[in-house]
Amino acid sequence: MEILAIAGSLRIQSSNAALVRAIAQLTSQNTTLKIYDGLGNLPPFSPDIDTEPPPQPVSHLRSKISNADAVLICTPEYAYGMPGVLKNALDWLVSSGSLYQKPVAALSASPSDRGGDRALTWLLQTLTALVATVPGQSLICNSIYKREISE
Ligand SMILES: Cc1cc2nc3c(=O)[nH]c(=O)nc-3n(C[C@H](O)[C@H](O)[C@H](O)COP(=O)(O)O)c2cc1C
């Protein structure tokens, strides 16, 4: 099984990226977790450039998702929502239907006591719009867990 993991932060010391890397170390022998690192290369979404073929970074993202059996998205919370770079990536997946019925796990990590729950809520709404399959309960990681993974 191949999982594509997307951390919704461009920050070098990102705790969400650290969380994704920690999860990658926990996968079993039959599971590969590949980390997508092209979020910052995607152009700002506009229907005017959502062409066939699409911009190269967009086709790269779409093919990575298409080749994956499941997707893991780990988002920080920026101003009560997900960061614009992550929403931008998801907007590029609307017309392609790349996440249609694709199993997607959603996580949020934030140093606040609420653990990024508002960003996670927004992310889950967007995944609903994209008709992704979100199994089980999605998770919020608070500052305590963040400390554990950074040690
Ligand atoms: C512009 C900005 C807005 C933020 N807004 C929130 C917020 O609304 N709620 C929250 O819990 N944390 C907020 N934070 C704190 C981030 O959750 C924190 O910086 C987190 O570590 C970012 O994730 P990262 O470590 O993966 O980059 C904000 C940070 C920035 C830079």
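This text gives an overview of the structure that appears in the document. (Residues numbered from 1 in each chain as written. Predicted model: local features only at pLDDT ≥ 70, side-chain atom pairs only at ≥ 80, totals over all residues. Heavy atoms only, no water.)

Describing the site of the ligand
Here is step 1: Residues in contact with the ligand amount to 13 residues; listed here are only the nearest, Ser9, Arg11, Ser14, Ser15 and Ser110.
Here is step 2: Glu77 places a polar side-chain atom, nitrogen or oxygen, 2.8 Å from a nitrogen atom of the ligand.
Here is step 3: Contact between the ligand and Ser110: an oxygen atom at 2.7 Å from a side-chain N or O atom of the residue.
Here is step 4: Protein chains shield 69% of the accessible area of the ligand, which is 620 Å² for the free molecule.
Here is step 5: Of the residues belonging to the shell around the ligand, the class tally is five nonpolar, six polar and two charged. (Near = heavy atom within 4 Å. Polar contact = N/O pair within 3.5 Å; in protein donor to acceptor, adjacent residues only side chain to side chain. Areas by Shrake-Rupley, 256 points an atom, 1.4 Å probe, with all protein chains shown as cover. Nonpolar A, V, L, I, M, F, W, Y, C, P; charged D, E, K, R; others polar.)

As for the nonpolar core
Here is step 1: By size, the foremost hydrophobic cluster in this structure holds 25 residues, and its most contacted members are Ile73, Leu90 and Leu99.
Here is step 2: Looking at this core, the elements with two or more residues in it are strand E1 (2-7), helix H2 (56-67), strand E3 (70-75), helix H3 (84-91), strand E4 (104-109) and helix H4 (117-129).
Here is step 3: When near neighbours in sequence (up to four residues on either side) are disregarded, Leu90 contacts Ile73, Met82, Leu99, Leu123, Thr126 and Leu130.
Here is step 4: Of all hydrophobic cores here, the second largest spans 12 residues; its members include Ala17, Leu19, Leu33 and Leu107. (Core = buried A, V, L, I, M, F, W, Y, C linked by side-chain atoms within 4.5 Å. Buried < 20%, exposed > 50% of the residue type's maximum accessible area, 1.4 Å probe, protein only. Helix = DSSP H or I, 4+ residues; strand = E, 2+ residues; numbered from the N terminus. Contact = heavy atoms within 4.5 Å.)

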